[in-house]
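# A structural walkthrough
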2 protein chains.
Amino acid sequence: MKRSNYPVEFEWVAVSSRIRLARNFRDYPFPARLMKDPHAAEQASEMIRLLSAELESLEDFTLYEMDCVSDERAAVLTEKYLISRDLIKHRPIAAALVSKDESISVMINEEDHVREQYFMQGLDLKRAYERISGIDDVISDSIPFAYDAELGYLTACPTNLGTGLRASVMLFLPAISRRKHMRHIIPTLNRLGLTVRGTFGEGSLNEGDMFQVSNEVTLGKSEEDILLVVEQAVGLLVETELRERGRMKAEEGLTLKDTVMRAYGVLTNCCLLDEKEFTRRLSDLKLGIALGYFGMAENGRDDRMRELNDLAIAVRPAGISRILGEKLTADEESAYRAEYVSKTIKSIDLFY
Amino acid sequence: MKRSNYPVEFEWVAVSSRIRLARNFRDYPFPARLMKDPHAAEQASEMIRLLSAELESLEDFTLYEMDCVSDERAAVLTEKYLISRDLIKHRPIAAALVSKDESISVMINEEDHVREQYFMQGLDLKRAYERISGIDDVISDSIPFAYDAELGYLTACPTNLGTGLRASVMLFLPAISRRKHMRHIIPTLNRLGLTVRGTFGEGSLNEGDMFQVSNEVTLGKSEEDILLVVEQAVGLLVETELRERGRMKAEEGLTLKDTVMRAYGVLTNCCLLDEKEFTRRLSDLKLGIALGYFGMAENGRDDRMRELNDLAIAVRPAGISRILGEKLTADEESAYRAEYVSKTIKSIDLFY
């Protein structure tokens, strides 16, 4: 996954970018109707076959046909943001094509026939959009999309109509969040046509101080305009966060450093670690790295933050169960997480 | 300070032994009366001079004349158990003679004219008694003691009458204490004529799971009998504690190890550490060492516990103020303690 061109401080706030396009095929019933169709299975197989063949010509994709995928595997794909929970609801007709490096995922027969997604580290919506457009062109060449000259791309839900584009950026906002500025910022973002969610969509706000900002409106605006609004809002959020981090460090001094260093001490030594505590302590640790408590990289490039974010995904409950290949009790899961987290953080070489 | 001959597990329970003899001189008013005497100063100086001269002939002693000692220095001596809080009350006439290795301390004009104390690591009351008897003989040769053929040594308080002997052992009893067995054990010890106190005497029970067991009765028994009762009771406590530690480890498994390892992680990484948390976490850490979580010494000898007990004394509030030579705010004290503790524990080489 290539990185963006922003300075490293930016990446310590704007963690990753994601572009999603919603598309439907002109000549097939929409998934919700397809589910009730007596020929659903054949039509779904046809779509999956055509898409697979086309995408395989581009690069190496793994096909997950959802009716053949175990619950555990599906949960892992969800935790990695490669599929949505909704895809699982359409199991008999649903599939996902995931590129080898997991940067591209194409969901088939979720709410729409196709949900194309590109994911990258850091902030670069423009490049992410170019990348997914290439995929989009290939798909539309193979099966014609449902497109209206006036409305644009037709989608199952009107909130996706028009461009079918959702541009979202995952932000790490510990200073804004802990200093209670989020409640002022959210209405402003809403007025710009943007929404703020937690790591797993609505209802998961403020898990480890991670927030996802994305466009709400898809209709009546060009793709370029949508990307611009999101990127500008994110730019402002990053600047605010960096400023608040500086204030926080100056005002809270040793108390803040104590919280951070205790997080490090616990994460590298504990023997039981539930997800909630892990999320909180990891956020403390990441904040501490961003504040320079562990030293700064001399050349400005620094992989610590990305490695810790990867760790966060690796030790989600389904990820742990999959690695161990069995259902775990809460204590077993906590024990495994503690061991894995401690080993990984020690191996990251946090002190620069 | 020479060690006792018990196995190392014993020392991880019975931390140190202390013998104290209370004596008064025949030809001087008892301290409480001396305080009101118009010639108190001269009489006190005389005693101090005679005792100093006599003890200096034995080995290297430092003389602290209490009316010349700062409050800070007095507090440090108290934290090291070399003088008592009561000695400070008799400041105009009081003094202390402390041997270079701090194993012997002779308080002059506390409640009694002389309080002779010998302190050693581990459990060996008999040797401790022999050691202090040598001191006692030298003192009685220089100034005759108040002694009654029937009652024995005369003391200011009847609870010290007879032998004037207090034999006490400091015990680290985390398993007994955390498993709530202390409330059954204390009445049994009381019936044997023994008392249980915390690290700083009455009212300080259960500071870091440390308990001091000593004889209550000094009259009507020989010194040998007193030592025997204390040593036997301590032996039983040690065995009980070791058995409970084994049970605790078996029953609480990873939860207990998690507590211990978190204590290690916090103590070696935190930036602020108040005395209460330090005491609790140090107890967790010591318990973890005793349970073998950090590996066992191959030859059976192991200095980790002693070094951690020394650390506990070094970072008491007065100790910290003295090192820094100034009065500290609570936060400054916590910051200094955190740094000192972290540095020291890292230097101890805990993992065998």
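Residues numbered from 1 in each chain as written. Chains lettered and ligands numbered in written order. Predicted model: local features only at pLDDT ≥ 70, side-chain atom pairs only at ≥ 80, totals over all residues. Heavy atoms only, no water.

### Topic: the overall build of chain A
- Scanning chain A for helices and strands turns up 13 helices and 10 strands.
- A globule of 352 residues ought to have a C-alpha radius of gyration of about 20 Å, and chain A, at 21 Å, matches this closely.
- When each of the 352 residues of chain A is scored for burial, the buried share is 57%.
- When contacts within chain A are restricted to residue pairs at least 6 apart in sequence, those whose partners lie at least 24 apart make up 71%. (Helix = DSSP H or I, 4+ residues; strand = E, 2+ residues; numbered from the N terminus. Rg over C-alpha atoms; globule rule 2.2 N^0.38 Å. Buried < 20%, exposed > 50% of the residue type's maximum accessible area, 1.4 Å probe, protein only. Contact = heavy atoms within 4.5 Å.)

### What to know about the interface of chain B and chain A
- If you look at the interface, chain B gives 17 residues, while chain A gives 17 residues.
- For the pair chain B and chain A, the summed buried area comes to about 1,400 Å², and 62% of that belongs to carbon and sulfur atoms.
- Of all residues in chain B, Arg 262, Asn 269 and Cys 271 of chain B bury the most surface against chain A, accounting for 40% of the area lost on that side.
- On the surface where chain B and chain A come into contact, there are 2 salt bridges.
- In this structure, Glu 277 of chain B engages Arg 262 of chain A in a salt bridge whose closest nitrogen and oxygen atoms are separated by 2.8 Å.
- Between the two partners, chain B and chain A, sit 8 residue pairs in polar contact (both at pLDDT 80 or more). (Buried area = accessible area lost by both parts, 1.4 Å probe. Salt bridge = Lys/Arg side-chain N within 4 Å of Asp/Glu carboxyl O. Polar contact = N/O pair within 3.5 Å; in protein donor to acceptor, adjacent residues only side chain to side chain.)

### Details of the sheet that holds strand E5 (residues 114-121) of chain A
Residues and elements named next belong to chain A.
- Strands sit in the order E2-E3-E4-E5-E1-E8-E10-E9 across an open sheet of 8 strands; the sheet is antiparallel. Edge strands, defined here as strands with exactly one partner in the open sheet, are strand E2 (61-65) and strand E9 (194-197). In this sheet, neighbouring strand axes are inclined to one another by 20 degrees on average, regardless of whether the strands run parallel or antiparallel.
- With 4 bridges connecting them, strand E3 (residues 95-99) and strand E4 (residues 104-108) associate as antiparallel partners. Looking at the pairing, Leu 97 lines up with Val 106 of E4.
- Helix H3 (residues 40-56) contacts E2, E3, E4 and E5 of the sheet and is inclined by roughly 165 degrees relative to E2. (Pairing = 2+ DSSP bridges. Axes fitted to C-alpha atoms, helices over the stretch in contact; angles between N-to-C directions.)

### Side note on the pairing of E4 of chain A
All names here are of chain A.
- Most of E4 sits inside the fold, with 5 of its 5 residues counted as buried.
- Burial along E4 is two-sided: Ile 104, Val 106 and Ile 108 and Ser 105 and Met 107, pointing in opposite directions, are all buried.
- Where E4 and E5 come together, 5 bridges link them in antiparallel fashion. When the sheet's bridge partners are listed, Ile 108 is paired in E5 with Val 114.
- Taken together, E4 and the strand that follows it, E5, pair antiparallel across an intervening segment of 5 residues, in which Asn 109 is found at a positive phi of about 60 degrees.

### Topic: the environment of Phe 351 of chain B
- Relative to the helices and strands, Phe 351 of chain B resides in the segment after helix H13 (330-348).
- In this view, Phe 351 of chain B contacts Met 261, Tyr 264 and Phe 294 of chain B; residues no more than four positions away in its chain are not counted.

### Focus: the pairing of strand E8 (residues 165-172) of chain A
All names here are of chain A.
- With 8 of 8 residues buried, E8 is to be regarded as a mostly interior element.
- Pairing geometry for strand E1 (residues 14-23) and E8, over 7 bridges, is antiparallel. Looking at the pairing, Ile 19 lines up with Ala 167 of E8.
- Two elements, E8 and strand E10 (residues 210-215), share 5 bridges in a ladder whose sense is antiparallel. Counted as the bridge partner of Ser 168 is Ser 214 from E10.

### Focus on the packing of helix H12 (residues 317-324) of chain B against H13 of chain B
Residue and element names in this part refer to chain B.
- Relative to each other, H12 and H13 sit at 90 degrees, their axes nearing to 10 Å. Classified by the interaxial angle, the pair formed by H12 and H13 is roughly perpendicular. Contacts between H12 and H13 involve Pro 317, Ile 320, Ile 323 and Leu 324 from the former and Glu 333, Tyr 336 and Arg 337 from the latter. (Parallel < 35°, antiparallel > 145°, perpendicular 65-115°, else oblique.)

### Some thoughts on unusual backbone geometry
- Not every positive phi belongs to a glycine, and Lys 180 of chain A is a case in point at roughly 60 degrees.
- Using a relative accessible area of 53% as the deciding quantity, one classes Lys 180 of chain A as exposed.

### Looking at the relation of the copies chain B and chain A
- Between chain B and chain A, which share one sequence, the superposing operator has a rotation angle of 180 degrees and an axial displacement of 0.0 Å; the RMSD is 0.0 Å. Overall, the copies show the geometry of a two-fold rotation axis. In terms of proximity to the rotation axis, the leading residue of chain B is Gly 265 of chain B, whose C-alpha is 2.0 Å off the axis.
- Counting the interface residues of chain B, we find that 100% of their copies in chain A are interface residues as well, pointing to one common contact surface. (Least-squares fit on C-alpha atoms with pLDDT ≥ 70 in both.)

### Comments concerning the sheet that holds strand E1 (residues 14-23) of chain B
All names here are of chain B.
- Reading across the sheet, the 8 strands line up as E2-E3-E4-E5-E1-E8-E10-E9 and stay open at both edges, with antiparallel pairing between neighbours. Looking at which strands have only one partner, the edges of the open sheet turn out to be strand E2 (61-65) and strand E9 (194-197). Averaged over all adjacent pairs, the angle separating strand axes in this sheet is 20 degrees, with direction ignored.
- Sheet topology places E2 next to strand E3 (residues 95-99); 5 bridges connect them, and they run antiparallel. Paired with Thr 62 across the bridge in E3 is Val 98.

### Things to note about the pattern of salt bridges
- All told, the structure shown has 52 salt bridges over all chains when counted by the stated rule.
- Arg 26 of chain A is the partner of Asp 27 of chain A in a salt bridge, and the nearest nitrogen-oxygen pair spans 3.1 Å.

### Considerations on helix H9 (residues 223-267) of chain A
- In this model H9 of chain A runs just 42 Å from its N-terminal to its C-terminal C-alpha over 45 residues, more than 12% under the 66 Å that 1.5 Å per residue would give.
- A bend of about 105 degrees at Gly 253 of chain A is the largest found in H9 of chain A. (Expected span 1.5 Å × (residues − 1). Bend = angle between axes of the 7 residues up to and from the residue.)

### Notes on the side chain of Ser 283 of chain A
All names here are of chain A.
- Along the chain, Ser 283 falls in helix H10 (residues 275-290).
- Classification of Ser 283 by relative accessible area gives buried; the value is 2%.
- If we ignore the near neighbours within four places in the chain, the residues touching Ser 283 are Phe 172, Pro 174, Arg 178, Gly 208 and Asp 209.

### Some details on H3 of chain A
Residues and elements named next belong to chain A.
- For H3, spanning 17 residues, the distance from its first C-alpha to its last is 24 Å, which sits close to the expected 24 Å at 1.5 Å a residue.
- Among the residues of H3, those classed as buried are Ala 40, Gln 43, Ala 44, Met 47, Ile 48, Leu 51, Ser 52 and Leu 55. Buried residues of H3, viewed axially, fall in a sector of 160 degrees; they line one side.
- At its buried positions, H3 is contacted by helix H2 (31-34), E2, E3, E4, E5 and helix H6 (125-142). (Arc of directions from axis to C-beta.)

### Topic: the environment of Leu 154 of chain A
Residues and elements named next belong to chain A.
- Turning to its location among the elements, Leu 154 is positioned in the loop between strand E7 (152-153) and E8.
- Sequence separation of Leu 154 and Ile 108 is 46 residues, and the distance between their C-alpha atoms is 16 Å.
- Filtering out sequence-adjacent residues up to four positions away, Leu 154 remains in contact with Asn 24, Phe 30, Ala 146, Asp 148 and Leu 161.

### Quick word on the confidence of the model for chain A
- Across chain A, the average pLDDT comes to 91, with 96% of residues at or above 70.
- Of the two predicted TM-score estimates for the complex, the pTM is 0.87 and the ipTM is 0.86. (pLDDT = per-residue confidence, 0-100.)

### Here we look at the environment of Leu 55 of chain B
All names here are of chain B.
- If you trace the backbone, Leu 55 turns up in helix H3 (residues 40-56).
- Among the residues examined, Leu 55 registers a relative accessible area of 0% and is labelled buried.
- Not counting chain neighbours up to four residues away, the residues in contact with Leu 55 comprise Phe 61, Leu 97, Val 106, Ile 135 and Ile 139.

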